[in-house]
Amino acid sequence: MADDLDSRYRRILTKQLVMNEQTWHALRDRGVTEATELRLDFSYSAPDRSSAESLRAVLAEQTDYDVMVRSSGGLLRKTWTVDGTTKPTAVSAQVLDQWVDWMVTAGLHQNCEFAEWGKPA
């Protein structure tokens, strides 16, 4: 089981770190610097309400993020997501990588998968 969790962690983190690099370049092209304060939106997928609520509770306890649980779909195809937004903070490529690592880990400990992050429109 631990090997499966480690494999999931490495798969998700690797994907997210590649996306971080691309997103950071796009942000820099739009004038964002390491001194620019940004709010970041983020999303997790969850297998069930209990996992989603557990992750929401962890994020509420350990961060100052605005976090909510949402569901969609019908009874047989219901999906759960945990969505949120950080407070404004200055970021760099290194800070984003560290943050994503923490977010991936926090999600996996609650059986949720970090899906994405971005800058609000």
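Residues numbered from 1 in each chain as written. Predicted model: local features only at pLDDT ≥ 70, side-chain atom pairs only at ≥ 80, totals over all residues. Heavy atoms only, no water.

1. Topic: the pattern of salt bridges
Using the criterion set out here, one finds six salt bridges in the structure. Measuring nitrogen to oxygen at the nearest pair gives 2.4 Å for the salt bridge that ties Arg 70 to Asp 83. Residue Arg 70 is located in strand S3 (residues 66-72), and its partner Asp 83 is located in strand S4 (residues 79-85); the two are separated by 13 residues in the primary sequence. Through salt bridges with shared partners, a single network forms among Arg 39, Asp 66 and Lys 87. (Salt bridge = Lys/Arg side-chain N within 4 Å of Asp/Glu carboxyl O. Helix = DSSP H or I, 4+ residues; strand = E, 2+ residues; numbered from the N terminus.)

2. Some details on helix H2 (residues 49-62)
End to end, H2 covers 20 Å across 14 residues, agreeing with the expected 20 Å (1.5 Å per residue, within 8%). Along H2, the residues that are buried comprise Ser 51, Ala 52, Leu 55, Val 58 and Leu 59. For H2, the angular spread of buried residues about the axis comes to 125 degrees, placing them on one side. H2 presents Arg 49, Ser 50 and Glu 61 as exposed residues on the side facing more than 90 degrees away from its buried surface. Those residues of H2 that are buried are in contact with strand S2 (41-46), S3, S4 and helix H3 (93-108). Where H2 begins, the side chain of Asp 48 points an oxygen toward the backbone nitrogen of Ser 50, at a separation of 3.3 Å. (Expected span 1.5 Å × (residues − 1). Buried < 20%, exposed > 50% of the residue type's maximum accessible area, 1.4 Å probe, protein only. Arc of directions from axis to C-beta. Contact = heavy atoms within 4.5 Å. Polar contact = N/O pair within 3.5 Å; in protein donor to acceptor, adjacent residues only side chain to side chain.)

3. Notes on the confidence of the model for the protein chain
Of the residues in the protein chain, 97% reach a pLDDT of 70 or more, and the chain-wide mean stands at 92. Within the protein chain, no element has a lower average pLDDT than helix H1 (residues 2-29), which sits at 91, and none a higher one than H2, at 97. (pLDDT = per-residue confidence, 0-100.)

4. A closer look at the environment of Ser 54
On the secondary structure map, Ser 54 appears in helix H2. Residue class for Ser 54 comes out partly exposed when judged on its relative accessible area of 28%. As for Ser 54 and Gln 110, which are separated by 56 residues in sequence, their C-alpha atoms are 6.3 Å apart.

5. Overview of the packing of aromatic side chains
Counted according to the given criterion, the structure contains six aromatic pairs. For the pair Phe 42 and Tyr 44, a centre-to-centre distance of 6.2 Å together with 85 degrees between the ring planes defines the contact as edge-to-face. By the burial criterion, Phe 42 is buried, and Tyr 44 matches it. Ring plane angle 75 degrees and centroid distance 5.2 Å describe the contact between Tyr 44 and Phe 114, whose orientation is recorded as edge-to-face. Of this pair, Tyr 44 sits in strand S2 while Phe 114 is found in strand S6 (residues 113-118), placing the two residues 70 residues apart along the sequence. Among the aromatic residues, those joined into a cluster by ring pairs are Phe 42, Tyr 44, Tyr 65, Trp 99, Phe 114 and Trp 117. (Phe/Tyr/Trp six-rings, centres within 6.5 Å; stacked < 30°, edge-to-face > 60°.)

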